[in-house]
Amino acid sequence: MNADNILKNLKNWMQTSDIIDPSFYNDYLNKISLKIADNKVYLLFKNELPKLYLSSEEKNIKDMIKKFANADVSVIFMLETEFNSNIKIIKEKETKKKQIKNKDYSFTNFIKGKSNSAAYDASKTVVKNPGQWNPLFIYGNSGLGKTHLLNAIAKEFGENDNNLKIKCYPSTEFRKEIIRTLQNKDKKIFDEIEKLKDSFLEYDVLLIDDIQFLAKNEKTNEIFFNVFNKFIEEEKQIVLTSDKFPENLSGFDKRLISRFNSGLSVKVDEPDEETLYNIVSFKAENSNLRLSEALKKHIAAEYKGDVRKIEGIINRIDFWNIQKNNLDNNNEIDIEDLLIILEDYTMKINGEITPLKIKEVVAEHYGIDVKALEGQTRISKIAHARHVAMFLIHDMLNKTTTEVGLFFSNRDHTTVISANKKIQDKMKNKAFKAEMNKIKQKIKKS
Ligand code: ADP
Ligand code: MG
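Parameters and conventions
Each chain carries its own residue numbering, running from 1 in the direction its sequence is written. Whichever chain is written first becomes A and whichever ligand is written first becomes 1, with later ones labelled in order. Selection of residues for local features in this predicted model requires a pLDDT of at least 70, selection of side-chain atom pairs for listing and counting requires 80 or more, and totals for whole chains, interfaces and linings are taken over all residues. Calculated side-chain values reflect all of the structure's heavy atoms, with hydrogen atoms and water omitted. Numbered from the N terminus, helices here are DSSP runs of H or I no shorter than four residues, and strands are runs of E no shorter than two. Taken over C-alpha atoms, the radius of gyration is set against a globule rule of 2.2 Å times the number of residues to the power 0.38. Contacts between residues were defined by any pair of non-hydrogen atoms, one from each residue, lying within 4.5 Å. For the accessible areas, the method is Shrake-Rupley and the probe is 1.4 Å, while residue cover comes only from the protein chains on display. Think of it this way: Lys and Arg go in the positive column, Asp and Glu in the negative one, and His and the chain ends go nowhere. Charge positions are represented by NZ for Lys, CZ for Arg, CG for Asp and CD for Glu. Think of it in three bands: with a 1.4 Å probe and only protein chains considered, a residue is buried below 20% of the maximum accessible area for its type, exposed above 50%, and partly exposed in between. Here a strand pair is declared whenever DSSP counts at least two bridges between the two strands. Throughout, the term near means that a residue has one or more heavy atoms lying within 4 Å of the molecule or strand in question. Counted as a polar contact is a pair of N or O atoms within 3.5 Å, where, for protein atoms, one must be capable of donating a hydrogen and the other of accepting one, and residues adjacent in sequence contribute only when both atoms are in side chains. The residue classification treats Ala, Val, Leu, Ile, Met, Phe, Trp, Tyr, Cys and Pro as nonpolar and Asp, Glu, Lys and Arg as charged. All others, Gly included, are polar. The start and end points of each domain follow an automatic or database-based domain assignment. To define axes, lines are fitted to C-alpha atoms, for helices over the stretch in contact only, and angles between the resulting N-to-C directions are given on a 0 to 180 degree scale. When the centres of two rings from Phe, Tyr and Trp lie within 6.5 Å, Trp using its six-membered ring, the rings pair. Their planes under 30 degrees apart give stacked, over 60 give edge-to-face, and anything left gives tilted. By the criterion adopted, a ring carries a charge over it if an Arg CZ or a Lys NZ lies within 6 Å of its centre and within 35 degrees of its normal.

Engineer: Mind showing me how you'd approach the overall build of the protein chain here?
Structural biologist: Along the backbone of the protein chain there are 21 helices and eight strands. The C-alpha atoms of the protein chain give 30 Å as radius of gyration, which overshoots the globular expectation for 446 residues (22 Å, by more than 25%). Judged by the C-alpha coordinates and their principal axes, the protein chain covers about 85 × 70 × 50 Å. When contacts within the protein chain are restricted to residue pairs at least 6 apart in sequence, long-range pairs at least 24 apart make up 72% of them. Split by element, the accessible area of the protein chain, about 23500 Å² in all, is 48% carbon and sulfur. Charged side chains of the protein chain number 73 positive and 66 negative; the gap between the two group centres comes to 4 Å.

Spelled out as structure tokens, the structure:
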């Protein structure tokens, strides 16, 4: 879609069309302009008169614009002044989004709560008094803020005017560097490895993310062990993160594990509801989203476990909000909106929805066994659950009725068609529709 081309075509059309008075065109309409923002076309007027004049032909003109744009776009008539003030909002929003995309892993953007306060405080201390706790070992499950904290440490070191040289990277990069050196066949490997080790020693602070990926690779392990020891000896700060407690890291040299333990190990836990609530509020504010109190509480209660999941939900809401009404972002978003937002959200947050997943969730919902669901029993409760599962596999995964039948002991597609029809009929009942929504949500979250 090119704004200049659309406008050129539109003007040509206006000049030759018999629905527009040529003298009016010359006086007013040749001054119109056209802008594209956020996938919408804005036809802009200098003042009210031409806008009013064209309003009687609005549909006609919008259709022409769609034709010239070669797309079924929304077309909006607007005064230039109005557009300019609205575009500011869109631009602000776009900038905000960019800021979020280039994630700012700083301490200021990290919400401290019971679940992560030890890791947060220890990270802060490392910057204040490097070497005091050496190494600092941050561990915990995925999505709980380890990478964020590690980068916040690097950032804050960088901001302090202390001339310290910082190296912060994922362990996979560290490994790549070693492997590259080992593959360098033209030179003497031994010298090269020594050079590599020396290159690390130029740094004052070494921050390595996801140390578990260095396990089970003897050469990398050995070089890392060397570098690590040198750092500790010279009282230079090391911070490591891992998904496991040092003792549980298999594939590492025993001596290394005991060294990991010699400093301070801190765990990040799953956030409690209050911390999650604060994270939701913070992330929503960052995206310029106004969420109702009830919705914030709902998200904090329902999406426990992983901050990354929460970010996924917020992004989803943000996307929906932008699509829906980017010019008016003052509307408060509530739980009902969330249900609509998630309605056609067929991707599970952490991966793919599979027919088996659907069967498992439905079976659990009705308190029966997946085997029973797949089997032949005609007990009404089980048959009903089977119909629900068939319907959802058809509906959520876009499977044909023949395909759906295959997931249920190779039943005929006509059985699936009849199941779909039964469920569709039942969905006319509000309570049952709500129950189906609930099951869908469970599938998406599980
Ligand atoms: P991990 O490295 O533990 O797998 P990350 O540090 O990558 O997790 O965190 C996942 C996402 O969640 C990141 O975008 C991060 O900014 C965010 N996040 C995690 N914990 C918090 C928190 N307490 N406050 C704000 N954002 C957080
Ligand atoms: Mg990480």
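Engineer: Help me understand the pairing of strand β2 (residues 40-45), please; the structure alone is not making it clear to me.
Structural biologist: Successive side chains on a regular strand alternate, one facing one side of the sheet and the next facing the other. Most of β2 sits out of view: six of its six residues are buried. Alternating positions in β2 separate into two faces, Lys-40, Tyr-42 and Leu-44 on one and Val-41, Leu-43 and Phe-45 on the other, with burial throughout. Pairing analysis gives five bridges linking strand β1 (residues 33-37) to β2, with the strands arranged antiparallel. Its bridge partner lying in β2, Lys-35 is registered against Tyr-42. Hairpin connection from β1 to β2: two residues lie between these consecutive antiparallel strands, with Asp-38 at a positive phi of about 50 degrees. Judged from the six bridges that link them, β2 and strand β3 (residues 74-79) form a sheet pairing that is parallel.

Engineer: Is there a simple way to think about the side chain of Glu-311 in this case?
Structural biologist: Mapped onto the elements of the fold, Glu-311 is located in helix α14 (residues 307-325). For Glu-311, a relative accessible area of 17% gives the class buried. If we skip the residues at most four places from it in the chain, Glu-311 touches Lys-103 and Lys-283.

Engineer: Would you mind showing me how to read the site of ligand 1 here?
Structural biologist: Neighbouring ligand 1 are 19 residues; Ile-111, Gly-143, Thr-147, His-148 and Glu-311 lie closest to it. Within the backbone of Ile-111, one N or O atom sits 2.8 Å away from a nitrogen atom of ligand 1. Lys-146 has a polar side-chain atom sitting 2.8 Å from an oxygen atom of ligand 1. When ligand 1 is considered free in solution it has 550 Å² of accessible area, and contact with the protein chains removes 96% of it. When contributions to the shell around ligand 1 are tallied by element, the ones reaching two or more residues are α7 (146-159), α12 (273-286) and α14. Tallied by class, residues from the shell around ligand 1 come to six nonpolar, eight polar and five charged. The residue makeup of the shell around ligand 1 includes at least three contributed by each of domain 2 (117-267) and domain 3 (273-341).

Engineer: Where do I start with the sheet that holds β3 in this structure?
Structural biologist: The pairing of strands in a sheet happens through backbone hydrogen bonds and is either parallel or antiparallel. What the three strands build is an open sheet, ordered β1-β2-β3; its pairing is mixed. The two strands at the open ends of the sheet, each matched to only one other strand, are β1 and β3. The average angle at which neighbouring strand axes cross in this sheet is 25 degrees, direction not considered. With respect to the sheet, helix α1 (residues 3-16) is in contact with β1 and β2, its orientation differing from that of β1 by roughly 145 degrees. Where helix α3 (residues 48-55) meets the sheet, it contacts β2 and β3, and its direction lies at approximately 145 degrees from that of β3.

Engineer: So what exactly am I meant to see when it comes to the packing of aromatic side chains here?
Structural biologist: Two numbers describe a pair of aromatic rings. These are the distance of the centres and the angle of the planes. Considering all chains together, one arrives at 16 aromatic pairs under this definition. Taking the centre distance of 5.9 Å and the plane angle of 15 degrees together, the rings of Phe-110 and Tyr-120 count as stacked. Placement of Phe-110 in the loop between α5 (80-101) and α6 (117-128) and of Tyr-120 in helix α6 is noted, with a sequence separation of 10 residues between them. Relative accessible area serves as the criterion here: at 9%, Phe-110 is assigned to the buried category. Measuring from ring centre to ring centre gives 5.8 Å for Phe-224 and Phe-228, while their planes differ by 45 degrees; the resulting arrangement is tilted. Of this pair, Phe-224 and Phe-228 both sit in helix α10 (residues 218-233), four residues apart, roughly one helical turn. With a relative accessible area of 0%, Phe-224 lands in the buried category. Cluster of aromatic residues (ring-pair linked, three or more members): Phe-137, Tyr-139, Tyr-169, Phe-174, Phe-200, Phe-224, Phe-228, Phe-245, Phe-252 and Phe-260. The ring of Tyr-203 has Lys-165 lying over it, and the distance from NZ or CZ to the ring centre is 5.2 Å. The ring of Phe-231 has Lys-236 sitting right over it, with the charged end atom 5.1 Å from the ring centre.

Engineer: I would appreciate a short explanation of the environment of Asn-60 in the present structure.
Structural biologist: Position of Asn-60 relative to the elements: it lies in helix α4 (residues 58-69). In this structure Asn-60 comes out as partly exposed when scored by relative accessible area, which is 33%. For the pair formed by Asn-60 and Ile-19, sequence separation is 41 residues and the distance between their alpha carbons is 9.8 Å.

Engineer: Can you help me understand the domain arrangement of the protein chain in this one?
Structural biologist: Frequently, the measure chosen for interface size is the accessible area that the parts lose on association. What the domain assignment reports for the protein chain is domain 1 (3-99), domain 2 (117-267), domain 3 (273-341) and domain 4 (355-445). Computed over C-alpha atoms, the centres of domain 2 and domain 3 are 36 Å apart.

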